[in-house]
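Notes for the structure review
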Amino acid sequence: MTSIADEARLVFDNFTDRTASIFNPHLRLGVTGLSRAGKTVFITALVHNLLSGGRLPLFKAQANGRILGADLKEQPDDAVPRFQYEDHIRRIVEERVWPESTRAISELRLTIAFESAEAWRRMLPGGKLTLDIVDYPGEWLLDLPLIDKDFATFSAEALERARLPSRRKEAGPFLAKLETVDLDAPADEVTARDLSVLFAEYLKACRADSAALSTLPPGRFLMPGDLDGSPALTFAPLPVEKGKTYPKGSMAAHLSRRYEAYKTVVVKPFFRNHFARLDRQILLIDALQAINAGPEAVSDLETALADILACFRPGRSSWLGSFLTRRIDRILVAATKADHLHHESHRRLEAIVRVMVDDAVARAKFSGAKTEVLAMAAVRATREATVSDGGEDLPVIVGIPAAGETIGERSFDGQSETAVFPGDLPDDPRRLFDPKDGVAAGSLRFVRFRPPKLQHSPEGLSLSLPHIRLDRALEFLLGDRLQ
Ligand SMILES: Nc1nc2c(ncn2[C@@H]2O[C@H](COP(=O)(O)OP(=O)(O)OP(=O)(O)O)[C@@H](O)[C@H]2O)c(=O)[nH]1
Ligand SMILES: [Mg+2]
């Protein structure tokens, strides 16, 4: 539950934000998504297209020539590192490699100068919208559902998952170690550390491409940031009984206290400082990676998203929901990396993520937030073509698979362009969740592509990065604030 101090501080922050917003329109955009969903690439592409006047026909303010300019500005928080936009864009455009996994939080402020759409307002000095965006390691999002769970509940859920057939192998060493632990015995630091190391190794193994599982809290075990080895991270789930009080100084009492400390000193400050004041939200979902790995991964992604989105529920039922959703008025759910599919499959990809977040979207609508679902690629790394195969025309995508990617026997060197037939997504998205249905187990194939080569205009100017529906995303997220 929200503490009184949290609540008072948020009311104050929201009040000051709103007062400032009257004189200086301001939008804090939450770019939310699990690890590798595409947050850093999305933010980089968004900034790049705004700064370089990218081709955004569906982003009306830009298409109508009303955007007078966009600038990077000094960010509001001195204690938060700046989002390294220049490094990310240079790597994508010049080196044609994707940014590395994000290890820590960073933030960027952008101002967009625009001319009003209404004639009478054009008599006034032009408008300016300030946009704040935060980037963070997606793993940390997995911690959000922990805030409302005590140690016994966290442990019961974590141990139940560790014993699932799809995880038993990865969890083996941790579960074996757990057998040797006496919950009532005096706590010892070596055992605590061994347990937490084995638990973290199990979570990391579940994340490998072959398994591609998503429900793997606590998030800092996967991506510790600067907390590696600290006491707040030296715990693991234990088979404790709910409601039972364990002797002071026992293993169970000790790790339970550590878990509470993890929530108080690590998890809550992050969400309080960076999530609580969001105005709008884009939720990025990489469904393709899960589809690639099979039905367990798809169902597990759905579970992770449901757990996270439940925390955004309006009202007092959860710590975050009790203050957050008062403000968020638009939520865009975006299936990312749509450039891995032929456009004919985009609707089906949208249908899949819609199934994954169905409940949460219905609740958001109920709370008054406008929601939309779309298939998008912040950076389009492929183009489309057709090849004929035995008299049949097959829609394919053409791009440069990243070095080390494989399809069947074939492995790629990161240099040669290749046409790939990714397979058809099923018409009925539920088939991807069904372990007995062969559709997800092998008939679909996605490889990672390198970022595209920038095209040049006839005048020799380099054009901005290509995308799929980034403009529609921008219109939904910003359009009404640039009127
Ligand atoms: N083809 C294509 N690949 C993308 C796109 N966006 C992301 N990717 C791929 O997805 C990977 C992860 O993207 P990031 O933007 O780093 O993901 P993230 O959500 O910031 O991940 P974390 O920092 O680990 O939380 C990239 O390395 C690319 O391989 C896109 O628009 N098109
Ligand atoms: Mg990132």
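Residues numbered from 1 in each chain as written. Chains lettered and ligands numbered in written order. Predicted model: local features only at pLDDT ≥ 70, side-chain atom pairs only at ≥ 80, totals over all residues. Heavy atoms only, no water.

Going by an unreviewed UniProt entry, the protein chain carries the name YcjX family protein and comes from Jiella avicenniae.

1. Focus on the nonpolar core
In terms of nonpolar packing, the biggest core is built from 94 residues, with Ile-291 and Met-356 touching the most fellow members. At 9 residues, the largest contribution of residues to this core is made by helix α9 (residues 251–274). Beyond its immediate sequence surroundings of up to four residues, Met-356 is in contact with Ile-285, Ala-287, Val-298, Leu-301, Glu-302, Leu-305 and Phe-433. Core analysis: the second largest hydrophobic core is formed by 44 residues, Ile-43, Ala-45, Ile-92 and Ile-282 among them. (Core = buried A, V, L, I, M, F, W, Y, C linked by side-chain atoms within 4.5 Å. Buried < 20%, exposed > 50% of the residue type's maximum accessible area, 1.4 Å probe, protein only. Helix = DSSP H or I, 4+ residues; strand = E, 2+ residues; numbered from the N terminus. Contact = heavy atoms within 4.5 Å.)

2. A few points about the site of ligand 1
Around ligand 1, the structure places 20 residues, and the nearest of them are Lys-39, Val-41, Thr-102, Gly-138 and Asp-339. For ligand 1, an oxygen atom lies 3.3 Å from a polar atom in the backbone of Ala-37. For ligand 1, an oxygen atom lies 2.7 Å from a polar atom in the side chain of Lys-39. Across the shell around ligand 1, the residue classes break down as 9 nonpolar, 7 polar and 4 charged. (Near = heavy atom within 4 Å. Polar contact = N/O pair within 3.5 Å; in protein donor to acceptor, adjacent residues only side chain to side chain. Nonpolar A, V, L, I, M, F, W, Y, C, P; charged D, E, K, R; others polar.)

3. A look at the coordination of the magnesium ion (ligand 2)
Expected angles at a metal are 109.5 degrees for tetrahedral coordination by four donors and either 90 or 180 degrees for octahedral coordination by six donors. Protein coordination at the magnesium ion (ligand 2): the donors are Thr-40 (OG1) and Thr-102 (OG1), at 2.0 Å from the metal. A residue pair is termed long-range when its members are at least 10 positions apart, and Thr-40 in helix α2 (residues 39–51) and Thr-102 in the loop between α4 (85–95) and β3 (106–114) qualify at 62 residues. With a relative accessible area of 9%, Thr-40 lands in the buried category. Taking relative accessible area as the criterion, Thr-102 reaches 16% and is therefore assigned buried. (Donors = N, O, S within 2.8 Å, 3.2 Å for Na, K, Ca; no water.)

4. Observations concerning the sheet that holds strand β9 (residues 392–399)
Strands sit in the order β8-β9-β12 across an open sheet of 3 strands; the sheet is antiparallel. Looking at the sheet topology across the chains shown, the edges are occupied by β8 (383–389) and β12 (418–420). Sheet twist, expressed as the mean angle between neighbouring strand axes with direction ignored, is 45 degrees. Taken together, the 3 bridges between β9 and β12 define a ladder with antiparallel strand orientation. What sits directly across from Ile-397, in β12, is Val-420. (Pairing = 2+ DSSP bridges. Axes fitted to C-alpha atoms, helices over the stretch in contact; angles between N-to-C directions.)

5. Section: the packing of aromatic side chains
One pass over the structure, following the stated rule, counts 17 aromatic pairs. Taking 5.9 Å as the distance between ring centres and 80 degrees as the angle between the ring planes, the aromatic pair formed by Phe-199 and Phe-221 counts as edge-to-face. One end of the pair, Phe-199, is in helix α7 (residues 189–207); the other, Phe-221, is in helix α8 (residues 219–222), with 22 residues separating them in the sequence. We classify Phe-221 as buried; its relative accessible area is 5%. The rings of Phe-151, Phe-154, Phe-174, Phe-199, Tyr-202, Phe-221, Phe-235, Tyr-259 and Tyr-262 are connected pair by pair, giving a single aromatic cluster. Directly above the ring of Tyr-136 sits Lys-39, whose terminal nitrogen or CZ lies 5.6 Å from the centroid. The ring of Phe-476 carries the charged tip of Arg-330 above its face, separated from the ring centre by 5.3 Å. (Phe/Tyr/Trp six-rings, centres within 6.5 Å; stacked < 30°, edge-to-face > 60°. Lys NZ or Arg CZ within 6 Å of the ring centre and 35° of its normal.)

6. A look at the sheet that holds β3
What holds strands together in a sheet is hydrogen bonding between their backbones, with the strands either parallel or antiparallel. What the 7 strands build is an open sheet, ordered β2-β3-β4-β1-β5-β6-β7; its pairing is mixed. Either end of the sheet is taken by a strand with one partner, and the two such strands are β2 (67–73) and β7 (370–375). Taking the axes of each pair of neighbouring strands and ignoring which way they run, one obtains an average angle of 20 degrees across the sheet. Both strand β6 (residues 330–335) and β7 contribute to a ladder of 6 bridges, which runs parallel. In the strand pairing of β7, Ala-335 is matched with Ala-375.

7. Some points on the packing of α2 against helix α13 (residues 470–478)
Interhelical geometry of α2 versus α13 gives an angle of 85 degrees and a closest axis separation of 11 Å. Taken together, α2 and α13 sit at an angle that is classed as roughly perpendicular. Together, Phe-42, Ala-45, Leu-46 and Asn-49 of α2 and Leu-470, Leu-474 and Leu-477 of α13 make up the contact between the two elements. Its residues assigned to classes, the contact of α2 with α13 comprises 6 nonpolar, 1 polar and no charged. (Parallel < 35°, antiparallel > 145°, perpendicular 65-115°, else oblique.)

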